[in-house]
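Letter by letter, the chains look like this.
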Protein chains: 4
Amino acid sequence: MTEKQQSIVNSALKLFADKGFDAVPTSAIAKDAGVSEGLIFRHFQNKVGLLNAIMQMGKEKIADNVSEILALNTPEARVTAIMEIPFYIAEEDYPFWKLVYSLKWQNDYYDDEMSKPMKDILISALVEMKYIDAESEADLILSYLDGFATTILLKGEVVDKNKLLQTLRKKYK
Amino acid sequence: MTEKQQSIVNSALKLFADKGFDAVPTSAIAKDAGVSEGLIFRHFQNKVGLLNAIMQMGKEKIADNVSEILALNTPEARVTAIMEIPFYIAEEDYPFWKLVYSLKWQNDYYDDEMSKPMKDILISALVEMKYIDAESEADLILSYLDGFATTILLKGEVVDKNKLLQTLRKKYK
Amino acid sequence: MTEKQQSIVNSALKLFADKGFDAVPTSAIAKDAGVSEGLIFRHFQNKVGLLNAIMQMGKEKIADNVSEILALNTPEARVTAIMEIPFYIAEEDYPFWKLVYSLKWQNDYYDDEMSKPMKDILISALVEMKYIDAESEADLILSYLDGFATTILLKGEVVDKNKLLQTLRKKYK
Amino acid sequence: MTEKQQSIVNSALKLFADKGFDAVPTSAIAKDAGVSEGLIFRHFQNKVGLLNAIMQMGKEKIADNVSEILALNTPEARVTAIMEIPFYIAEEDYPFWKLVYSLKWQNDYYDDEMSKPMKDILISALVEMKYIDAESEADLILSYLDGFATTILLKGEVVDKNKLLQTLRKKYK
DNA sequence: GATGAATGAGAATTCATTCAT
DNA sequence: AATGAATGAATTCTCATTCAT
């Protein structure tokens, strides 16, 4: 990926995360990226192609996450790690996650791809832990995860993330 | 509000919730509502005015919710009721809540107004219950709430809501 | 003409004179006149009909002017009177004349009707005064008239009308 | 300025001069100019931006006029030259001046900028010529100028411009 | 006579996308 | 690869006009 390509992706990600995919004209992306509008289409075919490229890059990050979690020894550790994912998102990755969460509400395409691997890991961990209704238990934990993500990504400046994590951990001693 | 005005609001709410505010042209709303496009602007000034009207109507619903919860006797009951709100949203109100949640991600204007009263109730209930860090505790519960809302509104057809609630309650017996 | 009809005409005249016929929506007229938009069409058929009604009323005023001038004894007095017409327009008639002058530039329909009688009087007066090229002389005087009208109607607050008239008269002792 | 940009400006000037700014849709300009409607907005932002561009180009023409007049040796020559400006407007510049004069009547924004330099030259010439009330004298001459412009631009085909100028000069021999 | 809801045509503007250079 | 002019379809919004009450 050339420097300009990267610049387009960065600008698009920032703007999409901020205003939503549909609210961002390609002209705004080109301007922010300091390139001509035509270049976006030469590199990414069309606006959706640009979105796909962004999501593709994100998925690779997620794959890394998944393997880290799989590397944990106990099922308990794996479950906890998943639930606490939002607390460990690097600030530089906030735009990507904001975009993922905003797309959830309009488009189920990306969502499944993102959460499916986590759900699979969760269920097998919970089965290993002898939970009777592992699926419902998994859904509950994924709900927590979504809730924490929502809070952290949207109220990052208002809510004390670390205190929140502490409070959470006390419950799950 | 005339019949046609109501029809516009209904169609807009449905479409906004489904595709997102920015992805719905006013022509689509008019068509769905069976009115001329101009009428939207005559009644609501502009597209944002229409959105505002929808949100205004929703806020009244929320106010009702708030007073119901305040009517509960014990702080424990109030806390539980808030956390479980998403499980009790009527299906006919799903579009409104989907819209609220989707707007959160591009526009924090409405959000504060929505969650502020709940947070206030939570904090005073938690103080009454002698929690040391009531604020963090409240944030945690509101995070749960957002997570449950996300799951129920988005995966309503895939996830068994009642089972999920049962699983949740077992934890907070 | 009923009170509301008069109110419509007044508002329309004021707004047309100020912003130009094409720049004034009928909705603005209705609002300013304090009547419903439909009423304009009931009384005047359409927007052009309203303009015609205004111009018709103005023409009657002009006819009065014409007879006053015809009543003057000497041809010199008549010529002078015509040239000085703009200096004697009542302030309340400014909007009407501004409208006439603004329409000149888009629409030759009204202009002829307004200036034709004056030109006829001028020519016969000038013939009587033994001018060789009465027509050119008349055009020159009508040009003066237009110039004074332009100055007085547009720069009424900036230019001292009376001083200007004095200066003019010194030339034509 | 590209060829198409120039074509837009030409068409707009012609149509605005003819029918008035508010009466000309951008679609008509695009059609006349043989370009897509969108191009107008890409180059000039909006309809008013197009008008501004036209006026800006015209002001440069005026500046040329002003310097020519300033180059004249005697104050008498300068005064006469200003008064006679309308007689020397090139036919190709008629549309621009028609536009200026038609805008005067709804919008005084441009007017001052146009006539101010002329008034300044006039006053200093008249002072040099020992006129007691130079300002009023200047206003009178500017009124003449406006009158001649009105006649020539609007009745150019009906009135004999040269004869009129002759008649005028006889007065000011 | 009077209102105000409603319409439909059209006007200004936006925007994804193409294309010559 | 990169630009920027250009397009055409859509989109938001306006406005004269009609019509039921």
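Residues numbered from 1 in each chain as written. Chains lettered and ligands numbered in written order. Predicted model: local features only at pLDDT ≥ 70, side-chain atom pairs only at ≥ 80, totals over all residues. Heavy atoms only, no water.

Trainee: Describe in detail the nonpolar core, supporting the description with residues and values.
Mentor: Ranked by internal contacts, the top residues of the largest apolar core, which has 116 residues, are Phe 16 and Leu 50 of chain A together with Phe 16 and Leu 50 of chain B. Not counting residues within four places of it along the chain, the set of residues in contact with Phe 16 of chain B comprises Phe 21, Val 24, Ile 29, Lys 47, Leu 50, Leu 51, Ile 54 and Leu 99 of chain B. One finds Phe 16, Leu 39 and Leu 168 of chain C together with Leu 39 of chain D within the second-largest nonpolar core, a separate group that totals 115 residues. (Core = buried A, V, L, I, M, F, W, Y, C linked by side-chain atoms within 4.5 Å. Buried < 20%, exposed > 50% of the residue type's maximum accessible area, 1.4 Å probe, protein only. Contact = heavy atoms within 4.5 Å.)

Trainee: Kindly report on the interface of chain C and chain D, identifying the contributing residues and their values.
Mentor: Contacts between chain C and chain D engage 36 residues on the former and 36 residues on the latter. Taking both sides of the interface into account, the surface hidden between chain C and chain D amounts to around 3,300 Å²; carbon and sulfur atoms contribute 61%. Its largest share of buried area at the contact with chain D, chain C owes to Trp 105, Gln 106 and Leu 140 of chain C, together 21% of the area lost on that side. Inspection of the chain C/chain D interface yields 4 salt bridges. The partner of Glu 137 of chain C in a salt bridge is Lys 171 of chain D, with the nearest N and O atoms 2.7 Å apart. (Buried area = accessible area lost by both parts, 1.4 Å probe. Salt bridge = Lys/Arg side-chain N within 4 Å of Asp/Glu carboxyl O.)

Trainee: Before we move on, can you summarise the protein's contact with DNA strand E with the specific residues and values?
Mentor: Around DNA strand E there are 31 residues in total, and Thr 26 and Phe 41 of chain A, His 43 of chain C together with Thr 26 and Phe 41 of chain D lie nearest to it. Across the atoms of DNA strand E situated within 4 Å of the protein, the share located in sugar and phosphate is 61%. Contact distances for DNA strand E include 3.1 Å between a phosphate oxygen and a side-chain N or O atom of Arg 42 of chain C. Contacts to DNA strand E include Thr 26 of chain D, whose backbone N or O atom sits 2.6 Å from a phosphate oxygen. When residues of the surface near DNA strand E are traced back to their parent elements, those giving at least two are helix H3 (37–44) of chain A, helix H3 (37–44) of chain B, helix H3 (37–44) of chain C together with helix H2 (26–33) and helix H3 (37–44) of chain D. (Near = heavy atom within 4 Å. Polar contact = N/O pair within 3.5 Å; in protein donor to acceptor, adjacent residues only side chain to side chain. Helix = DSSP H or I, 4+ residues; strand = E, 2+ residues; numbered from the N terminus.)

Trainee: So, the arrangement of the chains: which residues are in play, and what are the values?
Mentor: Looking at chain A next to chain C, you find no contact at all, with the nearest C-alpha pair sitting 32 Å apart. The two units chain B and chain D remain apart, with a minimum C-alpha distance of 19 Å.

Trainee: Before we move on, could you go through the relation of the copies chain C and chain D and cite the residues and values that matter?
Mentor: Mapping chain C onto chain D calls for a screw motion: a turn of 179° about the axis and a shift of 0.1 Å along it, with 0.2 Å RMSD after fitting. The transformation just described matches what one would write down for a two-fold rotation axis. In terms of C-alpha distance to the rotation axis, chain C has Gly 147 of chain C as its closest residue, with the C-alpha 1.8 Å off the axis. (Least-squares fit on C-alpha atoms with pLDDT ≥ 70 in both.)

Trainee: Run through the pattern of salt bridges, naming residues and quoting values.
Mentor: Evaluation of the coordinates by the stated rule reveals 46 salt bridges over all chains. The partner of Arg 78 of chain B in a salt bridge is Glu 128 of chain B, with the nearest N and O atoms 3.8 Å apart. Remark: Glu 128 of chain B occurs in helix H7 (residues 109–128) and Arg 78 of chain B occurs in helix H5 (residues 75–83); sequence separation between them is 50 residues. The closest approach of N and O atoms between Asp 120 of chain B and Lys 116 of chain B, which form a salt bridge, is 3.3 Å. In this pair, Asp 120 of chain B and Lys 116 of chain B both sit in helix H7, 4 residues apart, roughly one turn of the helix. Note on Asp 120 of chain B: relative accessible area 39%, which makes it partly exposed. Bridged by salt links that share partners, the residues Lys 104, Asp 111 and Asp 146 of chain A form one connected network.

Trainee: Please give an account of the protein's contact with DNA strand F that cites residues and values.
Mentor: Contacts to DNA strand F come from 30 residues, most closely from Thr 26 and Glu 37 of chain B together with Thr 26, Phe 41 and Lys 47 of chain C. When atoms of DNA strand F within 4 Å of the protein are sorted by moiety, sugar and phosphate together comprise 58%. Between DNA strand F and the protein, one listed contact pairs a phosphate oxygen with a side-chain N or O atom of His 43 of chain A at 3.3 Å. Contacts to DNA strand F include Lys 47 of chain C, whose backbone N or O atom sits 2.9 Å from a phosphate oxygen. Among the secondary structure elements, those contributing two or more residues to the surface near DNA strand F are H3 of chain A, H3 of chain B, H3 of chain C together with H3 of chain D.

Function cannot be inferred from these measures alone, as they are strictly geometric.
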